[in-house]
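Residues per chain are reported as follows:
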Amino acid sequence: MAAPDELFCWEGDWGLPSVSTDCLVVLAYAQFAGAPLKLKKMSNPWRSPSGLLPTLRTNQKENLTRPSDIIIHLRKQKYNADLDLSAKEGADSLAFISLLEEKLKPALIYTFWVEPKNYVDVTRRWYADHMPFPLNFFLPGQMQRGQLERLRLLRGDESLESGEELEKELYRDATECLNLLSQRLGSHKFFFGDTPSSLDAFVFGHLAPVLRSKLPNGKLQQHLKTLENLSSFCSNVLLLYFPRDGREGGGLKASSPPPPPEGGDFDHVPNKRRKQVLSALAALGAMLSYALLTGMVSIQQEALEEPPDPEPIGGEGEAGEEIH
Amino acid sequence: MTLVAEAFVSQMAAAEPWPESATLYQPLKEDQILLSDCASSLAVQAYLRMCGLPVQVVCRANAEYMSPSGKIPFIHVGNQVVSELGPIVQFTKAKGNSLSDGLDDIQRAEMKAYMELVNNMLLTAELYIQWCDDATAAEISRPRYSSPYSWPLSNILAYQKQWEVRRKMNAVGWGGKTLEQVYEDVNQCCQALSQRLGTQPYFFNKQPTELDALVFGHLFTILTTRLTSTELAERIKSYSNLLSFCRRIEQTYFEDKSS
């Protein structure tokens with residue numbers, strides 16, 4: 001059997017396998033269809049072969065970045081989560097995925113990237129914390145500009161700015177979409193019967209970040225939480241298909257468990273110890289090199305036979321002592 | 001339309017009945033209008049006929065600029081101007097004419113989802129073929145779009161529109177698609193619509209809804225418009241129930257005028 005394809009995707013947080021919607025869709029579909037993928041989780045998009053995440057690198061060295069393309073590729077490899085669907089259910093899948101893209105996606109882009117409080121407190125902070133130096137200085141801003149541009153083009157309005165009115169319009173469309181999805185799901189476990197399909201993957205990918213992240217301005221989040229069947233749908237998928245990630249994030253859920261001693265996930269910086277040690281070493285190195293260069297401390301080679309000349313050292317040592 | 005404006009329009013709309021002098025504006029039919037605009041306009045006309053609301057179609061070269069949202073078509077009713085099918089459906093609903101009242105919640109969810117399917121796939125595919133396919137853009141779209149204007153304005157407007165549409169295609173992720181992939185997407189969309197329609201006369205059995213109007217508008221226009229290749233029309237013709245659906249709506253709502 002050929003080697004499995006490699007999937008490069010964003011890292012996870014908040015109990016999710018990944019923070020990006022597109023990555024979640026691909027990961028969920030791969031789990032549903034049982035496709036073996038070599039996962040490479042990272043927070044540096046420049047390290048992925050196409051410069052974007054998610055990216056699937058196939059055996060023919062092709063790079064696919066759109067979730068729909070990746071799903072089509074997996075289907076061709078006989079990893080198909082939609083086998084059990086009837087023709088009408090397949091048609092409904094396509095229709096509801098379009099509904100998600102047209103009505104919910106703009107609101108999600110707004111919630112995470114355009115709404116000022118959310119962007120500064122959650123999105124930008126997460127990406128800046130997780131990206132390596134020096135990308136964390138300019139890449140989040142660049143991503144934000146890209147997303148704002150995308151929202152402008154989707155709405156067909158060049159002069160779009162964040163504001164009350166835009167927020168109301170987008171959230172109105174999004175809440176309608178969520179209500180429709182909730183009605184369609186009803187009390188079933190998945191959208192079409194007992195096994196999940198591609199529509200479940202798309203819905204999970206779009207809803208999970210909204211449910212799990214902690215947003216200061218969370219109107220959409222609140223509405224979603226009132227739709228119990230959708231919330232339990234997401235928890236179900238996480239429990240069944242991503243048990244490891246779900247357990248890690250279990251303590252970060254709202255209500256009863258107390259917040260972790262670091263003061264919430266805002267302070268959770270990866271590799272904290274390593275960064276502390278590196279900072280201390282860097283500071284020590286800087287102080288030593290300053291001392292050496294200005295001559296406060298000097299290192300002299302000692303010849304083995306002859307004793308060193310006492311005066312220069314003594315003089316410098318006295319000067320050093322006086323200064324200190 | 002903004003929320004406040006919409007609420008205002010709904011209130012005003014509810015107050016007055018549908019006047020005889022309602023007009024629908026679209027670009028010039030013979031020379032200027034493009035496939036996607038023609039499809040949207042036909043969808044609105046079909047919807048209004050299904051509701052039994054009379055409307056006159058007026059062709060203007062600057063219809064796109066007159067429209068409040070920049071999209072075709074728009075209707076001028078009384079002293080209000082409403083553009084695009086979605087807001088027009090809401091507007092007529094406020095006046096008490098609605099085709100989807102008899103649907104239950106699940107059916108309404110499906111109807112909205114299928115309307116978004118048509119907007120997401122068919123309309124985007126039409127825009128792609130018109131503006132991102134170089135042959136079609138050069139032979140048909142640019143000359144037609146700029147036909148009412150003289151040089152150099154014609155060139156500027158045509159290229160500006162092309163650039164705008166191409167940016168939008170990139171934003172929705174269609175920028176990297178090939179023409180073959182687009183035709184395949186259209187095929188999938190038609191297959192889904194055909195599956196949903198089955199052997200019923202309309203999508204929701206006996207009564208037509210706005211979904212029927214939208215699908216009719218797009219399919220009929222694609223079937224009757226001349227493009228550089230007939231590939232798109234061929235894909236639709238392979239679904240016989242969609243063809244008979246279009247014929248049925250044409251005969252029921254569009255041929256009574258001539259008889």
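Values in this document were obtained by computation on a predicted structure and should not be read as measured data.

For chain B, the helix and strand inventory stands at 11 helices and four strands. Expressed along its principal axes, the backbone C-alpha trace of chain B runs to roughly 45 × 40 × 40 Å. Of all 259 residues assigned to chain B, the portion counted as buried reaches 51%. Nonlocal contacts in chain B, meaning residues at least 24 apart in sequence, comprise 76% of its contacts between residues at least 6 apart. Carbon and sulfur atoms form 51% of the exposed surface of chain B, whose accessible area is close to 11700 Å².

This part covers the sheet that holds strand β4 (residues 80-83) of chain B. Residues and elements named next belong to chain B. The strand order across the open sheet built from four strands is β2-β1-β3-β4, with neighbouring strands paired in mixed fashion. Each edge of the sheet is formed by a strand with only one pairing partner; in this case those strands are β2 (56-59) and β4. For this sheet, the mean angle separating the axes of adjacent strands, direction not counted, is 25 degrees. In this structure, strand β3 (residues 74-77) lies alongside β4, joined through four bridges in antiparallel fashion. Bridged to V77 within β4 is Q80. Helix α2 (residues 35-51) contacts β1 (23-26), β2 and β3 of the sheet and is inclined by roughly 165 degrees relative to β1. Across the sheet, helix α4 (residues 85-94) lies against β3 and β4, angled at about 135 degrees from β4, the strand it touches most.

A separate point is the UniProt feature "domain: Metaxin glutathione S-transferase" (unreviewed entry) in chain B. UniProt tags residues 187-249 of chain B as "domain: Metaxin glutathione S-transferase" (unreviewed entry). Secondary structure over residues 187-249 of chain B splits into 68% helix and 0% strand, and the C-alpha atoms at its two ends are 22 Å apart.

This next bit is on the interface of chain A and chain B. Tallying the contact residues gives 26 residues for chain A and 28 residues for chain B. Of the roughly 2600 Å² buried where chain A meets chain B, counting both sides, 58% is carbon and sulfur surface. Considering only the side of chain A, the residues that lose the most area to chain B are A:R66, A:L94 and A:L153, jointly responsible for 21% of the buried surface there. One can count four salt bridges joining chain A with chain B. Put simply, A:K88 and B:E110 hold a salt bridge, and the shortest N to O gap is 3.9 Å. One can count six residue pairs in polar contact (both at pLDDT 80 or more) joining chain A with chain B. Where the side of chain A that touches chain B is concerned, the elements lending two or more residues are α3 (87-114), α5 (135-155) and α6 (164-185) of chain A. In terms of residue count, α3(A) provides more of the side of chain A that touches chain B than any other element does, 12 residues in total.

Turning our attention to empty space enclosed by the protein. All names here are of chain B. The tally for this structure, following the rule as stated, stands at three cavities of 30 Å³ or more. Each pocket or cavity is described by its volume, and for the second largest cavity that value is around 90 Å³. Looking at the second largest cavity, the residues that line it are P27, Q32, I33, L34, D37, A61, E64, Y65, Y145 and Y149. Of the residues assigned to the lining of the second largest cavity, the class counts are seven nonpolar, one polar and two charged.

This brings us to unusual backbone geometry. The omega angle of the peptide bond from A:F133 to A:P134 is -5 degrees, so this bond is cis rather than trans. Along the chain, A:P134 turns up in the loop between α4 (116-130) and α5. With an omega of -5 degrees, the peptide bond between B:I72 and B:P73 qualifies as cis. Relative to the assigned elements, B:P73 resides in the loop between α3 (63-66) and β3. The phi torsion at A:W14 lies on the positive side, around 55 degrees, for a residue other than glycine. Position of A:W14 relative to the elements: it lies in the loop between β1 (5-10) and α1 (21-33). Given the relative accessible area of 11%, A:W14 is considered buried. Of note, the phi angle at A:K78 is positive, near 75 degrees, even though the residue is not glycine. Along the chain, A:K78 falls in the loop between α2 (67-76) and α3. A relative accessible area of 71% means that A:K78 is categorised as exposed.

With respect to the element layout, A:E167 can be found in helix α6. For A:E167, the residues in contact, after removing those within four places along its chain, are A:Y110, A:E115, A:N217 and A:K219.

All names here are of chain B. Structurally, the position occupied by I72 is in the loop between α3 and β3. Its relative accessible area of 6% is what places I72 among the buried residues. Taking C-alpha positions, I72 is 28 Å from Y239, a pair spaced 167 residues apart along the chain.

To continue, consider helix α8 (residues 179-197) of chain B. The periodicity of an α-helix, 3.6 residues per turn, causes residues three or four positions apart to be oriented the same way. Over its 19 residues, α8(B) runs 27 Å from end to end, which matches the ideal 27 Å to within 8%, given 1.5 Å per residue. Of all the residues in α8(B), the buried ones are B:V182, B:Y183, B:D185, B:V186, B:N187, B:C189, B:C190, B:A192, B:L193, B:S194, B:R196 and B:L197. Buried residues along α8(B) sit against α3 of chain A together with α5 (105-131), α9 (210-224), α10 (231-237) and α11 (240-254) of chain B. At the exit of α8(B) stands B:G198, carrying a positive phi of roughly 60 degrees.

All names here are of chain A. At a minimum axis separation of 5 Å, helix α8 (residues 219-226) and helix α9 (residues 228-241) run at an interaxial angle of 95 degrees. By the angle between their directions, the pair α8 and α9 is classed as roughly perpendicular. Listed contacts from α9 to L224, K225 and T226 of α8 are E228, L230 and S231. Taken together, the residues that form the contact of α8 with α9 break down as two nonpolar, two polar and two charged.

Residue and element names in this part refer to chain A. Here helix α7 (residues 198-212) contains 15 residues, and its C-alpha end-to-end distance of 21 Å stays within 8% of the 21 Å for a straight helix at 1.5 Å per residue. Along its length, α7 reaches its greatest deviation from straightness, about 25 degrees, at H206, and the proline P209 lies no more than four positions downstream. Burial of α7 is extensive: 15 of the 15 residues sit out of reach of the surface.

What counts, and where the lines are drawn
Each chain carries its own residue numbering, running from 1 in the written order of its sequence. Whichever chain is written first is A, and whichever ligand is written first is 1; the rest continue in order. Restriction of local features to residues with pLDDT of at least 70 applies here, the model being predicted, together with a cutoff of 80 or more for giving and counting side-chain atom pairs; totals for whole chains, interfaces and linings are based on all residues. Hydrogens and water molecules were not included; the side-chain quantities draw on all heavy atoms of the structure. Helix numbers and strand numbers start at the N terminus; a helix is a DSSP run of H or I with at least 4 residues, a strand a run of E with at least 2. Only protein chains enter the accessibility calculation, which uses a 1.4 Å probe. A residue is then buried if its area is under 20% of the maximum for its type, exposed if over 50%, and partly exposed in between. Pairs of residues are marked as contacts when any of their non-hydrogen atoms sit within 4.5 Å. For the accessible areas, the method is Shrake-Rupley and the probe is 1.4 Å, while residue cover comes only from the protein chains on display. We call two strands paired when DSSP finds no fewer than two bridges between them. Axis lines are fitted to C-alpha atoms, over the contacting stretch for helices. Their N-to-C directions set the angle, which ranges from 0 to 180 degrees. UniProt positions are given in the numbering used here, feature names are shortened, and annotations may be inferred rather than shown by experiment. Two parts placed together each lose some accessible area under a 1.4 Å probe, and adding up what both lose gives the buried area. The salt bridge criterion pairs a side-chain nitrogen of Lys or Arg with a carboxyl oxygen of Asp or Glu, the two atoms within 4 Å. By the criterion applied in these results, polar contacts are pairs of N or O atoms within 3.5 Å in which, for protein atoms, one can donate a hydrogen and the other can accept it, and in which residues neighboring in sequence qualify only through two side-chain atoms. Lining residues are defined by having an atom within 4 Å of a point belonging to a cavity or pocket. Those points lie on a 1 Å grid over the protein atoms alone, cavities being sets where a 1.4 Å probe fits but cannot get out and pockets being open sets with protein on both sides within 12 Å along at least five of seven lines. Grid points are joined across faces, edges and corners, and a volume is the space filled by probe spheres set on the points. Any residue that is not Ala, Val, Leu, Ile, Met, Phe, Trp, Tyr, Cys, Pro, Asp, Glu, Lys or Arg is counted as polar, Gly included; the first ten are nonpolar and the last four charged. By this rule, a helix spans an expected 1.5 Å times one less than how many residues it contains. Angular relationships are summarised with four words: roughly parallel below 35 degrees, roughly antiparallel beyond 145, roughly perpendicular across 65 to 115, and oblique for the angles in between. Values of bend correspond, residue by residue, to the angle between axes fitted over the seven residues ending at that residue and the seven starting there.

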